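# Understanding the architecture of this molecule
Residue strings, one per chain:
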Amino acid sequence: MPRNPDRRTAPADPESGGRPRRRPQRSPRPGRARRVSDAPGPEVGTEFELEIGPVAHGGHCVARLDGRVVFVRHTLPGERVRARVTEGGSGFWRADAVEVLAASPDRVAPAWPAAGVDGAGGGELSHVALPAQREWKKTVLVEQLERLARLDPEWLESEVTVEAAPGDEERRGLHYRTRIELVADADGRAGMRAHRGHRVVALKKMPLATAELSAFAVAEDVFSRTWTPGAQLKLVAPSEGDPVLLVDGEPWRRGKPDSRPNARRSVTEVVTGPWGTHRFRVAADGFWQVHREAPALLTGAVLDAAGDLAGATVVDLYSGAGLFTLPLADAVGPQGRVIAVEGDAQASKDARRNAHAFDQVTLEMGAVDKILGGEVLAGAQTDVVVLDPPRTGAGRAVVDAIAARTPRRIVYVACDPAALARDVGYLAAHGYALTSVRGLDLFPHTHHVEAVAVLDRKA
């Protein structure tokens, strides 16, 4: 995929990039799509021929029309396309490529056609060859870190990597999701919402799901039966045990609500690597990495990034059900300490069950910044901080609280390049330097990328 020849001047999607904010971004209200204008401008629906420029964070590329910035989906840098405007406005427009007039050599037949123009959201890069998808994501990581954290682009270009997860090349980037979420449309058909909208696109299958999850969907008639309009469906295929279907948060089995007293609301996940094997109980509707290889891959990346931890005190922030907490506890040993902090009550409950055998683990539930500055850590030395925040990142208050602990190293697991870059910029002001960034392509055919960043305190 062509590199951005002038990354310094390529505009960022204003919803994905820009200068660091003084306050952490707030998450959208649950169950609501991002708000778009209810009164489309007169340019919406108009088609133009465009020369496509560099990639931008958010799964689209940048083009210009009479000096106006247009963010175009379903295209590639260097292409010439006919694009239809989907959102207008005085500042910039959004558009979808509806016809490719001159194709990039990195264009392939879409791996998930149902996520194309006017289709479901969540597969916006399925027309891009897998190696080019990873190059796309590296470009975005580099651009965001340069733009928001003011880092040297040459250093970033040489140091930032994005690698495929094991097995993804062989599976063409498909069949990796162990969890999928669906919603029933007005006719009761299961599907996914369209990009940046409320409209539900009915589906016949979900090719990003693992083979086990797809077979389970067939067995439960997920895509062939009629559901109550608006019903929320979640399918989970754990690494151990049978899959689970939740409908509006309630277990279902064989086409009807599962009213048995022992109906499963949790699953068992087993994570194995050179560090050992750990078993986790996780709420079926709770958070767990969706890529089948992600738990082990991220655990290994975090342990490698943290370095020698024997006898150390590690603070594990946004610790969830304990994915990193347990292997970190093994790494610090009986003479060390792991303090895990999680704000979600169900995840904290799962973590207590998962970590009950580790005397060196202390579990705290509550707001991360409050606990970091509270009595739990008062006077305690902090050697390493590991954090895996939500997509909005840690934000200034948490960054300030982390820096006040003066850890020698911070290992930051990020799922949004803009939020990572913003927080790296905040940490730089506290004397922390970014020393490595390892990108992991855990969401093939989407614009999302996971990254493990290491920041060390300057001497």
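Residues numbered from 1 in each chain as written. Predicted model: local features only at pLDDT ≥ 70, side-chain atom pairs only at ≥ 80, totals over all residues. Heavy atoms only, no water.

### With respect to the environment of Val142
- For Val142, the location among the structural elements is in helix H1 (residues 130-149).
- Separated by 17 residues in the primary sequence, Val142 and Glu159 place their C-alpha atoms 9.4 Å from one another. (Helix = DSSP H or I, 4+ residues; strand = E, 2+ residues; numbered from the N terminus.)

### Quick word on the packing of H1 against helix H9 (residues 417-428)
- Running from amino to carboxyl end, H1 crosses H9 at an angle of 35 degrees, the nearest separation of the two axes being 8 Å. In the crossing of H1 with H9, the sense of the turn from one axis to the other is right-handed. Note on element contacts: H9 touches H1 through Pro417, Ala418, Leu420, Ala421, Arg422, Val424 and Gly425, opposite Val140, Leu141, Gln144, Leu145, Leu148 and Ala149.
- Taken together, the residues of the contact of H1 with H9 sort by class into ten nonpolar, two polar and one charged. (Axes fitted to C-alpha atoms, helices over the stretch in contact; angles between N-to-C directions. Left-handed = near helix turned anticlockwise from the far one by under 90°. Contact = heavy atoms within 4.5 Å. Nonpolar A, V, L, I, M, F, W, Y, C, P; charged D, E, K, R; others polar.)

### With respect to the sheet that holds strand E1 (residues 47-56)
- Spatially, E1-E2-E3-E5-E4 is the arrangement adopted by the five strands of the closed barrel, whose pairing is mixed. Here the strands of the sheet are splayed against their neighbours by 50 degrees on average, with no regard to which way each runs.
- For strand E4 (residues 80-87) and strand E5 (residues 92-102), the ladder comprises seven bridges, and the chain directions are antiparallel. Considered in E5, the bridge of Val85 is made with Ala95. (Pairing = 2+ DSSP bridges.)

### Description of the sheet that holds strand E7 (residues 179-184)
- Reading across the sheet, the seven strands line up as E9-E8-E7-E10-E11-E12-E13 and stay open at both edges, with antiparallel pairing between neighbours. Of all the strands in the sheet, just strand E9 (200-202) and strand E13 (256-257) have a single pairing partner and so form its edges.
- Where E7 lies against strand E8 (residues 190-193), two bridges are found, and the strand directions are antiparallel. Bridge pairing in E8 places Ala184 opposite Ala190.

### Details of the nonpolar core
- Residues Leu182, Trp227, Leu233 and Leu235 are the most contacted members of the largest nonpolar core, which totals 75 residues.
- At eight residues, helix H4 (residues 294-306) tops the list of elements feeding residues into this core.
- Setting aside residues up to four positions removed in sequence, Trp227 forms contacts with Ala184, Gly188, Ala190, Asp221, Val222, Leu233, Leu245, Val247 and Trp252.
- In terms of nonpolar packing, the next biggest core, distinct from the first, is built from 41 residues, Val142, Val385, Ala394 and Leu434 among them. (Core = buried A, V, L, I, M, F, W, Y, C linked by side-chain atoms within 4.5 Å. Buried < 20%, exposed > 50% of the residue type's maximum accessible area, 1.4 Å probe, protein only.)

### Description of the environment of Glu342
- By secondary structure assignment, the location of Glu342 is in strand E17 (residues 337-342).
- What makes Glu342 buried here is its relative accessible area of 14%.
- With 123 residues separating them along the chain, Glu342 and Ala219 place their C-alpha atoms 36 Å apart.
- Ignoring any residue separated from it by four or fewer positions in sequence, one finds Glu342 in contact with Tyr318, Ser319, Gly320, Ala347, Ser348, Glu364, Met365 and Gly366.
- Of note is the side chain of Glu342, whose polar atom sits 2.8 Å from the backbone nitrogen of Gly320. (Polar contact = N/O pair within 3.5 Å; in protein donor to acceptor, adjacent residues only side chain to side chain.)

### Some points on the pairing of strand E15 (residues 276-283)
- Note that strand E14 (residues 266-273) and E15 share eight bridges and pair antiparallel. Each residue of the ladder has a partner; that of Glu269, found in E15, is Phe280.
- Adjacent in sequence and paired antiparallel, E14 and E15 are bridged by two residues.

### Considerations on H9
- Look at H9: 16 Å from first C-alpha to last across twelve residues, which is about the 16 Å you get at 1.5 Å a residue.
- In terms of burial, H9 is largely enclosed, as ten of its twelve residues are buried.
- Taken as a whole, H9 has its buried residues at Pro417, Ala418, Ala419, Leu420, Ala421, Arg422, Asp423, Val424, Tyr426 and Leu427.
- Contacts made by the buried residues of H9 are with H1, helix H8 (396-404), strand E20 (409-414), strand E21 (432-441) and strand E22 (450-457).
- Two to three positions downstream of the cap, the backbone nitrogen of Ala418 sits 3.1 Å from a side-chain oxygen, assigning the N-cap of H9 to Asp416. (Expected span 1.5 Å × (residues − 1).)

### What about helix H3 (residues 211-219)?
- Regarding H3, the residues found buried are Leu213, Phe216 and Ala217. The arc enclosing the buried residues of H3, seen along the axis, measures out at 100 degrees, which places them on a common side. Those residues of H3 that are exposed and aimed more than 90 degrees away from the buried face are Ala211, Glu212, Val218 and Ala219.
- Tucked inside the fold, the buried residues of H3 contact E7, strand E10 (232-236) and strand E11 (244-247).
- Downstream of H3 by a residue or two, Asp221 has a phi angle that is positive, lying close to 55 degrees. (Arc of directions from axis to C-beta.)

### A few points about empty space enclosed by the protein
- All told, the structure shown has two cavities of 30 Å³ or more when counted by the stated rule.
- Estimated volume of the second largest cavity: approximately 40 Å³.
- Lining the second largest cavity are Ser319, Gly320, Ala340, Glu342, Ala347, Ser348, Ala351, Leu363, Glu364 and Met365.
- Going through the elements one at a time, E17, helix H6 (345-354) and strand E18 (361-365) are the ones with two or more residues in the lining of the second largest cavity.
- Here the lining of the second largest cavity is composed, by residue class, of five nonpolar, three polar and two charged. (1 Å grid on protein atoms, 1.4 Å probe; cavity = no way out; pocket = protein on both sides within 12 Å on 5 of 7 lines; lining within 4 Å. Points joined across faces, edges and corners; volume = space filled by probe spheres on them.)

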